[in-house]
Amino acid sequence: MSEKNLADTILKTNLEAAKEIAYQLRLRNIGGIIIIDFIDMERDGDREKFTSPGGGHQEDRQKTNIFKISDLGLWK
């Protein structure tokens, strides 16, 4: 498996997980500060795709804040 395929798989997995997590949080009416440990993404472009607008959170009427991922893998 090449590095590009691995990075693409990691991005796809993280995006699918984020969508499902958002769905489950809404379904179960869970709020507050939520910390999620996603698979590390090496490419900066993937991190930008992951945090860019366009996710399912726009459909939600509740206030949503999405922060960038720091170099340590934490949200800023």
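The structure under discussion appears in the preceding block.
This is a predicted model, so every value here is computed, not measured.

1. Things to note about the overall build of the protein
Thought 1: Within the protein one finds 2 helices and 0 strands.
Thought 2: Considering only contacts within the protein whose residues lie at least 6 apart along the sequence, 50% involve residues at least 24 apart.
Thought 3: Counting only carbon and sulfur atoms, one obtains 54% of the accessible surface of the protein, whose full area is about 6,500 Å².

2. Overview of helix H1 (residues 3–27)
Each full turn of the α-helix corresponds to 3.6 residues, which orients residues three or four apart in the same direction.
Thought 1: The terminal C-alpha atoms of H1, which comprises 25 residues, lie 36 Å apart, in line with the 36 Å expected from a rise of 1.5 Å per residue.
Thought 2: The set of residues buried in H1 consists of Ala7, Ile10, Leu11 and Asn14.
Thought 3: Looking one or two residues past H1, Asn29 carries a phi angle of roughly 55°, positive in sign.

About the thresholds
- Every chain is numbered independently, its residues counted from 1 as its sequence is written.
- Only residues with pLDDT of 70 or above have their local features reported here, since the model is predicted, and side-chain atom pairs are shown and tallied only from 80 upward, although totals for entire chains, interfaces and linings are computed over all residues.
- Water and hydrogen atoms were dropped before computing side-chain values, which therefore reflect all heavy atoms in the structure.
- Only runs of H or I of at least four residues qualify as helices and only runs of E of at least two qualify as strands under DSSP, and these elements are numbered from the N terminus.
- Throughout, a contact is declared for two residues whenever any of their heavy atoms are within 4.5 Å.
- Only the protein chains shown count as cover for residues, with accessible areas throughout obtained via the Shrake-Rupley method and a probe of 1.4 Å.
- The span you would expect from a helix comes to 1.5 Å times its residue count less one.
- Between buried and exposed lies partly exposed: a residue is buried under 20% and exposed over 50% of the maximum accessible area for its type, with that area taken using a 1.4 Å probe on protein chains only.

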